[in-house]
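Residue-level structure breakdown
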Amino acid sequence: MPVRFLRNASEIADVSWETPLPVQVANAKPVPADTLLVATTTVDTTANRDLLGSTSTELPTLDGCMQYRKLVWFYFRASADATNYRVLARATDHNGAPLGTGWQEIVPATTLPGGANTHNRIDIPASSDGYYDQYRIEVQRTAGSNYNLISKIVGVR
Amino acid sequence: MSAERITRREMLKRLVIAPVGAAVLTTLEVRQASAATMQPYYAPYFVAVLWEGRTRCDSLWRSLKGDVVPVLPTVQGTTPYDRLYWTGYALGSAPVNVAMRVWARAVDHNGVPLGSGWRAIGQAAIQTPPLRWFRVEIPEGHWDEYRIEVRSAIPRLVYSRVIASQGYWKE
């Protein structure tokens, strides 16, 4: 039985490619998701290394993120060797300068989930909303050998 | 496309609500779908139809598109959507017992998957009387590609569509 809908108040139409279901929310626009970063990181034992490979602790991994309610971090890890990650965040002023030195640690050092050669996902923040201007995502291996971590971060409004 | 003009009185006489069936839940929630088929709006989210068609289910895990090639996605370009729905019904007069599972992965700027394989999102069993609508909600959104596979011990033809919804904000 085809799916039908009422069109123009008196006409029943079949749903098809030519007459799709009318989906509309008045005075609203859709919430897009933006790809913010795609990077490959060599995960080693160096502390404070972010996804872009930088150990400069004042540099953000992502900037201009105020409009995003949350970030979704997709990653594919080539090894299951024990790894920690942590997420830092902060706000900036109108000029893009941080309000102060340092960061707010929104995720402390935590075991990076997933086995070898698996796709995984972490929501940042895991609950509540983000809206920070800058994020710094650090990874550090605590056992085993270096491996590649391929990441993609999507910002969701 | 077919359309016909009728009066409101005639419309009320001819209004048909599809019979509703229950489904067994495993990790994905399966819901009754009859009311949704007659609603013109899926408020409050924007909704897109990603795929619609018929799938011949058999004892192999097949994508909704019919292939058994594990690397091929069922739907792509799904990054903006925060949840997906699979809704449809199985043709035939026998009770329905169709297993389904959902995989997902992310891709880079060139559309190449970040790595091999998929991430398992969940699975469900569609167990209804014959000719009942079902709906499965896939709550984990924003992956770039999904592969939705089905399997049935008794060959069945399933007519279904994959719908994705986006959040929205008021202007």
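Above this text is the structure in question.
Before going into details, it helps to say that this report is about the structure given with it. Every value quoted in this text rests on a predicted model; they were computed, and no experiment measured them. (Residues numbered from 1 in each chain as written. Chains lettered and ligands numbered in written order. Predicted model: local features only at pLDDT ≥ 70, side-chain atom pairs only at ≥ 80, totals over all residues. Heavy atoms only, no water.)

**Regarding the nonpolar core**
Membership of the largest hydrophobic core comes to 35 residues, with the highest contact counts inside it found for Leu84, Trp86, Met100, Tyr146 and Val162 of chain B. What Tyr146 of chain B contacts, discounting residues up to four positions off in sequence, is Pro73, Thr74, Val75, Thr78, Leu84, Val102, Trp103, Ala104, Trp118, Ile138, Glu140 and Gly141 of chain B. (Core = buried A, V, L, I, M, F, W, Y, C linked by side-chain atoms within 4.5 Å. Buried < 20%, exposed > 50% of the residue type's maximum accessible area, 1.4 Å probe, protein only. Contact = heavy atoms within 4.5 Å.)

**Considering the pattern of salt bridges**
Residues and elements named next belong to chain A. Here the structure, examined in full by the defined rule, presents 19 salt bridges over all chains. Its salt-bridge partner being Asp123, residue Lys70 comes within 3.2 Å of it at the nearest N-O pair. Pair noted here: Lys70 is in strand β5 (residues 70-77) and Asp123 is in strand β8 (residues 118-124), with a separation of 53 residues, a long-range link. Residue Lys70 is classed as buried on the basis of its relative accessible area of 15%. Judged by relative accessible area, which is 23%, Asp123 ranks as partly exposed. One salt bridge in this structure joins Arg86 and Glu138, with 2.7 Å as the shortest N-O distance. Taken together, the residues span a long stretch of sequence, with Arg86 in strand β6 (residues 83-90) and Glu138 in strand β9 (residues 134-141) at a distance of 52 residues. By relative accessible area, which is 23% here, Arg86 ends up partly exposed. Its relative accessible area of 4% is what places Glu138 among the buried residues. (Salt bridge = Lys/Arg side-chain N within 4 Å of Asp/Glu carboxyl O. Helix = DSSP H or I, 4+ residues; strand = E, 2+ residues; numbered from the N terminus.)

**Observations concerning the packing of aromatic side chains**
Summed over all chains, the structure comprises 7 aromatic pairs over all chains. Taken together, the aromatic side chains of Trp73, Tyr75 and Tyr85 of chain A make up a single cluster linked through ring pairs. Directly above the ring of Tyr159 of chain B sits Arg54 of chain B, whose terminal nitrogen or CZ lies 5.3 Å from the centroid. (Phe/Tyr/Trp six-rings, centres within 6.5 Å; stacked < 30°, edge-to-face > 60°. Lys NZ or Arg CZ within 6 Å of the ring centre and 35° of its normal.)

**Brief notes about the sheet that holds β8 of chain A**
All names here are of chain A. As summarised here, the arrangement of the 4 strands in space is β4-β10-β5-β8, forming an open sheet in which the pairing is antiparallel. Each edge of the sheet is formed by a strand with only one pairing partner; in this case those strands are β4 (33-43) and β8. Across this sheet, the average inter-strand angle for adjacent strands is 20°, counted without regard to direction. Alignment of β5 against strand β10 (residues 147-156), held across 8 bridges, turns out to be antiparallel. Paired with Lys70 across the bridge in β10 is Val156. (Pairing = 2+ DSSP bridges. Axes fitted to C-alpha atoms, helices over the stretch in contact; angles between N-to-C directions.)

**A look at the environment of Ala9 of chain A**
Relative to the helices and strands, Ala9 of chain A resides in the loop between β1 (4-7) and β2 (11-14). In sequence terms Ala9 of chain A and Tyr68 of chain A are 59 residues apart; their C-alpha atoms lie 39 Å from each other.

**Quick notes on unusual backbone geometry**
Residues and elements named next belong to chain A. With an omega of -5°, the peptide bond running from Ile124 to Pro125 counts as cis. Residue placement: Pro125 occurs in the loop between β8 and β9. In this model, Ser128 sits at a positive phi of 60°, which is unusual for a non-glycine residue. Of note in this structure, Tyr131 is not a glycine but carries a positive phi near 70°. Within the element layout of this structure, Tyr131 appears in the loop between β8 and β9.

**Notes on the side chain of Arg105 of chain B**
Relative to the helices and strands, Arg105 of chain B resides in strand β6 (residues 96-105). Since its relative accessible area comes to 7%, Arg105 of chain B is described here as buried. For Arg105 of chain B, the side chain forms a polar contact with the main-chain oxygen of Val71 of chain B, separated by 2.8 Å. In terms of polar contacts, Arg105 of chain B uses its side chain to reach the side chain of Glu145 of chain B, at 2.7 Å. Beyond its immediate chain neighbours, meaning those up to four positions away, Arg105 of chain B contacts His119 of chain A together with Val71, Pro73, Pro113, Gly117, Trp118, Trp143, Asp144 and Glu145 of chain B. (Polar contact = N/O pair within 3.5 Å; in protein donor to acceptor, adjacent residues only side chain to side chain.)

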